[in-house]
Amino acid sequence: EAKRRGKGTSVCFSDEMGERTAADAEIIRDLGQAVEAGQFTLVYQPIVALDDLRMTGVEALIRWNHPTRGLVSPVEFIPLAERSGHIVAIGAWALREASRQAAQWRADFPGAGSLTVGVNVAGRQLRSPGFVDEVAAVLRDTGLPPGLLSIEVTETAVLDDEESAAALLGLRGLGLRLALDDFGTAASSLGLLLTVPVTTLKLDRSFVESITTVGRQAAVANAVSQMANALDFSSVAEGIETDEQRDLIRGLGYKYGQGYLFGRPLPPHEVAARLETIDGVVV
Ligand code: C2E
Ligand code: MG
Ligand code: MG
Ligand code: MG
């Protein structure tokens, strides 16, 4: 079986993968054909301006409809895609599809002229040769204005690494937005904010979750928002589920919010339905 898998795939059976389980190996094998088989879709979660609750953007989130396992969460398969290298092809598909969709919405809906689209990019994808060129090609092919595409990377994906630093500079050179995702969770140094050409901080939802009951979460959320404002970065708080969280987050100076309160990740036709309403106000 291993021999059969080894042939005709680009999966790398290196030592670091030695401890993987049989189930992981199967998923990795299946990931190798999933793009071609059309098994991925994107759902889009609204990002709203907290002052008027207008939908200003969406984040593209990948879904894998596996032929026998059913829906597999990205939390499960993205790490395996990163380990095996399949993330490069999968991520390229997601980037192109999200950009195509955003350009289509702009063409279809007058209210979608400045709608931004966030695309998650893994560290390994960011560092892969030709990534910046691929992004430039996607923008050219889809006609999406670069300023409407936001690349989301985690702090760990860009820590201490010259290749990703160069790629990030290249992306900014194209005029894209650059968001630090899950901000506050990694053991990062704040110096990163001086060297990486960031435009946006996305506060991780763990800080929002218990913001009403744990004083420390509010203090950290406050510090991040102050820092973002002082550095002229945009700030987004993730995982807002209640009115109370929304009010507190807004009070701390966050300009944008994302979370189930404003909308779950939606299939494209449900985003279109929201864009159809006069001005895109969602709540
Ligand atoms: P993320 O980029 O931080 O995305 C936000 C995650 O939080 C999404 O989970 C979203 O559904 C969830 N979420 C949003 N609002 C709420 C809320 O109010 N409450 C709760 N409990 N959860 C909320 P999802 O879609 O399962 O994605 C998980 C992670 O998988 C993403 O975290 C991202 O790191 C990764 N991912 C998703 N799509 C892609 C992709 O196309 N490429 C890459 N490289 N990673 C992706
Ligand atoms: Mg994200
Ligand atoms: Mg996030
Ligand atoms: Mg997160």
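Every chain is numbered on its own, with residues counted from 1 as its sequence reads. Chain A is the first chain written and ligand 1 is the first ligand written, with later ones labelled in order. Local features in this predicted model are restricted to residues whose pLDDT is 70 or higher, and side-chain atom pairs enter the listing and the counts only when it is 80 or higher, whereas totals over whole chains, interfaces and linings include all residues. As a convention, hydrogens and water are excluded, and side-chain values are obtained from all of the structure's heavy atoms.

Student: Would you mind going over the overall build of the chain with me for this structure?
Tutor: Along the backbone of the chain there are 13 helices and nine strands. The 283 residues of the chain split such that 46% are buried. Counting contacts in the chain only where the partners sit at least 6 residues apart, residues at least 24 apart contribute 67% of the total. The protein chains shown are the only cover counted for residues, whose accessible areas, like all others here, come from Shrake-Rupley with a 1.4 Å probe. Carbon and sulfur atoms provide 52% of the accessible area of the chain, an area that totals close to 13400 Å². Runs of E in the DSSP output that reach at least two residues are strands. Runs of H or I that reach at least four are helices, and both are numbered from the N terminus. Throughout, exposure labels follow a simple rule: accessible area from a 1.4 Å probe, protein chains only, divided by the maximum for the residue type, with under 20% read as buried, over 50% as exposed, and the rest as partly exposed. Whether two residues are in contact is decided by their heavy atoms: any pair within 4.5 Å suffices.

Student: I would appreciate a short explanation of the pattern of salt bridges in the present structure.
Tutor: Pairs may arise between side chains of opposite charge once their charged atoms sit close together. Think of a salt bridge as a Lys or Arg side-chain nitrogen and an Asp or Glu carboxyl oxygen that are within 4 Å of each other. Going through the model one piece at a time under the given rule, you end up with 13 salt bridges. Close ionic contact of Arg96 with Glu134 constitutes a salt bridge, the shortest N to O distance being 3.8 Å. Of the two residues, Arg96 is situated in helix 4 (residues 87–108) and Glu134 in helix 6 (residues 131–142); the sequence distance between them amounts to 38 residues. Overall, Glu134 belongs to the partly exposed group, its relative accessible area being 26%. With its nearest N and O atoms 2.7 Å apart, the salt bridge here joins Glu152 to Lys202. Note that Glu152 is positioned in strand 5 (residues 149–154) and Lys202 in strand 7 (residues 200–203), a separation of 50 residues in sequence. The class for Glu152 is buried, based on a relative accessible area of 3%. Classification of Lys202 as buried rests on a relative accessible area of 1%. One network of salt bridges, in which partners are shared, links Asp243, Arg246, Asp247 and Arg250.

Student: Hey, could you run me through the coordination of the magnesium ion (ligand 3) in this one?
Tutor: In a perfect tetrahedron of four donors around a metal, the angles come out at 109.5 degrees. In a perfect octahedron of six, they are 90 or 180 degrees. All of the protein donors around the magnesium ion (ligand 3) are Asp181 (OD), Asp182 (OD) and Glu238 (OE); their distances to the metal are 1.7 to 2.7 Å. Atoms of type N, O and S within 2.8 Å of a metal are treated as its donors, and for Na, K and Ca the window is 3.2 Å; water is not considered, so some sites may appear to be missing partners. Mapped onto the sequence, the residues coordinating the magnesium ion (ligand 3) show the spacing D-D-x55-E. Here the magnesium ion (ligand 3) and the magnesium ion (ligand 2) are spaced 3.6 Å apart, with Asp181 acting as a shared donor. A relative accessible area of 6% places Asp181 in the buried class. Owing to a relative accessible area of 26%, Asp182 belongs among the partly exposed residues under this scheme.

Student: Can you walk me through the nonpolar core in this structure?
Tutor: Generally speaking, nonpolar side chains in soluble globular proteins are found buried as a group. Buried residues of nine kinds, namely Ala, Val, Leu, Ile, Met, Phe, Trp, Tyr and Cys, make up a nonpolar core once their side-chain atoms join them within 4.5 Å. Counting residues in hydrophobic clusters, the biggest one holds 75 residues, and the most contacted among them are Trp105 and Leu149. It is helix 4 that contributes the most residues to this core, eight residues altogether. Once residues within four sequence positions are removed from consideration, Leu149 is found in contact with Leu95, Ser99, Val117, Val119, Val135, Leu139, Leu144, Leu176 and Arg177.

Student: Sorry, what's going on with unusual backbone geometry here?
Tutor: With the exception of glycine, the majority of residues adopt a negative phi angle, and the majority of peptide bonds are in the trans configuration. Its identity is not glycine, yet Asp182 carries a phi of approximately 55°, on the positive side. Looking at the secondary structure, you find Asp182 in strand 6 (residues 177–183). Of note, Asp232 is a non-glycine position whose phi angle comes to about 65°, a positive value. Counting through the fold element by element, Asp232 comes out in the loop between helix 11 (215–230) and strand 8 (234–237).

Student: Please clarify how the pairing of strand 7 should be interpreted in this entry.
Tutor: Of the two faces of strand 7, the one carrying Thr200 and Lys202 and the one carrying Leu201 and Leu203 are both buried. Strand direction decides the pairing type here: strand 6 and strand 7, joined by three bridges, are parallel. Residue Phe183 lies in a different strand from strand 7, and its bridge partner there is Leu203. Relative to strand 8, strand 7 runs parallel, the two being bridged by four bridges. Strand pairing is assigned whenever DSSP detects at least two bridges linking the two strands.

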